Amino acid sequence: MRFRHPDGSVVHLSYCTNVHPAETLDGVRAQLRDHCEPVRRRLGRDRLGIGLWLARDAARALTNDPAELRALRAELDSRGLEVVTLNGFPYEGFGADEVKYRVYRPDWTEPDRLAHTTDLARLLAALLPDDVTEGTISTLPLAWRTPYATDPGAPRTARTALTTLAQRLDALAELTGKSIRVGLEPEPGCTVETTADAIAPLTDVGHERIGICVDTCHLATSFEDPGTALDALTAAGIPVVKSQLSAALHAEHPHLPEVRTALAAFAEPRFLHQTRTRTAAGLRGTDDLDEAIAGGALPDSTPWRAHFHVPLHAPPAPPLTSTLPVLRTALTRLVGGAVPLTRHLEVETYTWQALPAELRPRTRTQLADGIAAELTLARDLLVDLGLKELP
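Rules of the game
- Residue numbers run consecutively from 1 along every chain, following the written order of its sequence.
- Local features in this predicted model are restricted to residues whose pLDDT is 70 or higher, and side-chain atom pairs enter the listing and the counts only when it is 80 or higher, whereas totals over whole chains, interfaces and linings include all residues.
- Water and hydrogen atoms play no part in the side-chain values, which are based on all heavy atoms of the structure.
- Numbering of helices and strands starts at the N terminus; helices are DSSP runs of H or I of at least 4 residues and strands are runs of E of at least 2.
- In this description the radius of gyration comes from C-alpha coordinates, and the expected globular size is given by 2.2 Å times residues to the power 0.38.
- With a 1.4 Å probe rolled over the protein chains alone, any residue whose accessible area is under 20% of its type maximum counts as buried; one over 50% counts as exposed, and the rest are partly exposed.
- In what follows, residue pairs with any heavy atoms lying within 4.5 Å of each other are defined as contacts.
- Only the protein chains shown count as cover for residues, and all accessible areas are computed by the Shrake-Rupley method using a 1.4 Å probe.
- Asp and Glu are treated as the negative residues and Lys and Arg as the positive ones, with His and the ends of the chain left uncounted.
- Note on charges: their place is set at NZ of Lys, CZ of Arg, CG of Asp or CD of Glu.
- For salt bridges, the criterion is a side-chain nitrogen of Lys or Arg within 4 Å of an Asp or Glu carboxyl oxygen.
- Paired strands are those between which DSSP finds at least two bridges.
- Between the N-to-C directions of two axes lies an angle of 0 to 180 degrees, each axis being a line fitted to C-alpha atoms and, for a helix, fitted only over the stretch in contact.
- Throughout, the protein atoms alone are placed on a 1 Å grid, and a set of points is a cavity if a 1.4 Å probe fits but cannot get out or a pocket if it is open with protein on both sides within 12 Å along at least five of seven lines; lining residues have an atom within 4 Å of a point.
- Grid points are joined across faces, edges and corners, and a volume is the space filled by probe spheres set on the points.
- Residues are grouped as follows: nonpolar covers Ala, Val, Leu, Ile, Met, Phe, Trp, Tyr, Cys and Pro; charged covers Asp, Glu, Lys and Arg; every other residue, Gly included, is treated as polar.
- Among buried residues, the Ala, Val, Leu, Ile, Met, Phe, Trp, Tyr and Cys ones that are joined through side-chain atoms within 4.5 Å form a nonpolar core.
- A helix is expected to span 1.5 Å for every residue after the first.
- Two cysteine sulfurs form what is called a disulfide whenever their separation falls within 2.5 Å.
- Polar contacts, as counted here, are pairs of nitrogen or oxygen atoms within 3.5 Å of one another; within protein the pair requires one atom able to donate a hydrogen and one able to accept it, and residues that are adjacent in sequence qualify only if both atoms are side-chain atoms.
- When describing relative orientation, an angle under 35 degrees is termed roughly parallel and one over 145 degrees roughly antiparallel, while 65 to 115 degrees is termed roughly perpendicular and anything else oblique.
- Crossing handedness: left-handed means the near helix sits turned counterclockwise from the far one by under a right angle, and right-handed means the same turn made clockwise.

(A) Representation of the overall build of the protein within the structure. Looking only at helices and strands, one finds 13 helices and 15 strands in the protein. Against the compact-globule benchmark of 21 Å for 391 residues, the protein has a radius of gyration of 20 Å, which places it among compact chains. Principal-axis analysis of the C-alpha atoms places the extent of the protein at approximately 55 × 50 × 45 Å. Within the span of the protein, comprising 391 residues, buried residues form 60% of the whole. When contacts within the protein are restricted to residue pairs at least 6 apart in sequence, those whose partners lie at least 24 apart make up 79%. Accessible surface for the protein amounts to roughly 15,000 Å². Of this, 51% is attributable to carbon and sulfur atoms. Here the protein contributes 41 positively and 51 negatively charged side chains, and the mean placements of these two sets differ by 3 Å.

(B) Spatial organisation of the pattern of salt bridges. Scanning the model with the defined rule gives 30 salt bridges in all. Note that Arg379 is salt-bridged to Glu389, the shortest N-O span being 3.9 Å. Here Arg379 is found in helix H13 (residues 364-384), whereas its partner Glu389 is found in strand E15 (residues 388-389), with 10 residues between them in sequence. For Arg379, a relative accessible area of 18% translates into the label buried. Since its relative accessible area comes to 25%, Glu389 is described here as partly exposed.

(C) Molecular detail of the sheet that holds strand E10 (residues 275-279). Pairing is antiparallel across the open sheet formed by 5 strands, whose spatial order is E11-E10-E12-E9-E13. The sheet is open, and its two edges are formed by strand E11 (282-286) and strand E13 (320-322), each paired on a single side. The mean angle between the axes of side-by-side strands here comes to 30°, regardless of whether they run parallel or antiparallel. Two strands pair when backbone bridges link them, and strand E9 (residues 247-251) and E13 are joined in this way by 3 bridges, in the antiparallel orientation. Of the residues in E13, the one forming a bridge with Ala251 is Leu320.

(D) Main features of the layout of surface pockets. Space inside the largest pocket adds up to approximately 240 Å³. Forming the boundary of the largest pocket are 21 residues, of which Val19, His20, Pro21, His35 and Leu367 lie nearest the centre. With 5 residues, helix H1 (residues 25-43) is the largest single contributor of residues to the lining of the largest pocket. In terms of residue class, the lining of the largest pocket is built from 10 nonpolar, 8 polar and 3 charged.

(E) Representation of the nonpolar core in the model. Leu13, Tyr15, Trp108 and Leu375 are the most contacted members of the largest nonpolar core, which totals 113 residues. In terms of residues, this core owes the most to one element, H13, which gives 9 residues. Non-local contacts of Leu375, meaning those with residues more than four positions away in its chain, are made with Met1, Leu13, Ser14, Tyr15, Val39, Leu43, Leu48 and Val347. Among the nonpolar cores identified, the runner-up in size contains 5 residues, and Leu219, Ala220, Val326 and Ala330 belong to it.

(F) Quick peek at H13. Its 21 residues place the ends of H13 30 Å apart at the C-alpha level, agreeing with the 30 Å of an ideal helix rising 1.5 Å per residue. All buried positions along H13 are accounted for by Leu367, Ala368, Gly370, Ile371, Ala372, Glu374, Leu375, Leu377, Ala378, Arg379, Leu381 and Leu382. Gly386 occupies a position one or two residues after H13 and carries a positive phi of about 100°.

(G) Main features of the pairing of E11. Here 5 bridges tie E10 to E11, and the two strands are oriented antiparallel to one another. What sits directly across from Thr277, in E11, is Arg284. Once E10 ends, the chain turns through 2 residues before running back antiparallel as E11.

(H) Inspection of the state of the cysteines at higher detail. In the structure shown here, the tally under the stated rule is 0 disulfides. This cysteine, Cys16, is not joined by any disulfide, and Cys213 carries the nearest cysteine sulfur, 9.6 Å off.

(I) View of unusual backbone geometry. For the bond from Arg105 to Pro106, the omega torsion is -10°, close enough to zero to count as cis. Among the secondary structure elements, Pro106 is positioned in the loop between strand E4 (81-87) and helix H4 (111-127). Cis geometry is found at the peptide bond from Thr146 to Pro147, where omega equals 5°. Turning to its location among the elements, Pro147 is positioned in helix H5 (residues 145-148). In the Ramachandran plot, Leu142 falls in the positive-phi region, its phi being about 75° despite a non-glycine side chain. Among the secondary structure elements, Leu142 is positioned in the loop between strand E5 (134-139) and H5. Leu142 sits in the buried class, given a relative accessible area of 5%. Its identity as a non-glycine residue notwithstanding, Phe223 has a phi of 55°, on the positive side. A residue is classified by how much of its surface remains accessible, and Phe223, at 10% relative accessible area, is buried.

(J) Region of interest: the side chain of Arg79. As for its placement among the helices and strands, Arg79 is situated in the loop between helix H3 (66-78) and E4. There is a polar contact of 2.6 Å between the side chain of Arg79 and the side chain of Glu37. Look past the residues within four positions of Arg79 in its chain and what remains in contact with it is Leu32, Arg33, Glu37 and Arg40.

(K) Molecular detail of the packing of H4 against helix H6 (residues 154-176). Put simply, H4 and H6 touch, their axes get as near as 10 Å, and they point 20° apart. For the element pair H4 / H6, the angle class is roughly parallel. Crossing of H4 against H6: the hand is right-handed. Of the residues in H6, those in contact with Leu114, Thr117, Thr118, Ala121, Arg122 and Ala125 of H4 are Ala161, Thr164, Leu165, Arg168, Leu169, Leu172 and Thr176. Looking at side-chain class alone, the contact of H4 with H6 contains 7 nonpolar, 4 polar and 2 charged residues.

Everything listed here is a matter of geometry and, on its own, says nothing about what the molecule does.
In structure tokens form, the structure reads like this:
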């Protein structure tokens, strides 16, 4: 979906396909047929943006066979779909029964991460619509905090890899006329947990094609104030290459037994749900929600937030809620000003099938309805900020 910003530029809104498990190219094609096109039809749009997730095997198949890449581009066109952004964070296995810490490998100290991201950039340059010259990719925020923190050579290795990536992106732009930018996506528990953590390593890299992806669920989970965070990035000259629109799980009174019971329904075995609380002594946290619920690991006199991407349009029932207000505030700062800070927005609720059983979509139809409802909410927020929806 495209919108005209008051400054005349085009802002793109898409939804991320990592909600649909697919490791192979055939799986990606099935996503387009079974999920993406039905969502577009529900929205009554001739064209829908998708934030494509290409796992390692799917990316390699496209890289190794230009005919397959041309065929995918043609299929996107025929189904009324367009791609201006990729999710390059998960490498493989994101649809596994247990993902947890595996999603952080390979990290930016490992050659496979650079090779995969380079492949994604080349593929995106070929998949961009003819009238679009800029693409974006979100990626791992360097690494999970361990063992990175205990390896004195890790920061230099990661910086070298990102510098090499920047050089390759420059060469790609020279060759294709398409500018691809990559954004580190701060996430709780990682080396770059907050936007503030991103400033130093991105300043060290010092390249306009390497910036940050602001995920509003992660921002909220770490209790970051959107205005403060975005002002600091602007002051440091760090570009916001894209933003993922998402909402975290919020518990205002975690000491209450009924709140613990409600939270327990969201503690599931597939993904990590890092949990944080803000105290007078600073931010406290656990790697997963079940650790917090068990008691003793976190103070419970202040609100808790958990890294669980809850549907934007359907916050959990009381006594829980979501951090949708943080998303609204962040979006106002991102695209509500005289000039947008980013032009690529992506709804990224990948946890539909990890929701408590009574909230999970049971059919493709229900899932498509839910994704369409999220996009409708995001569209309405953009229109309220003065953007005009384009055909």
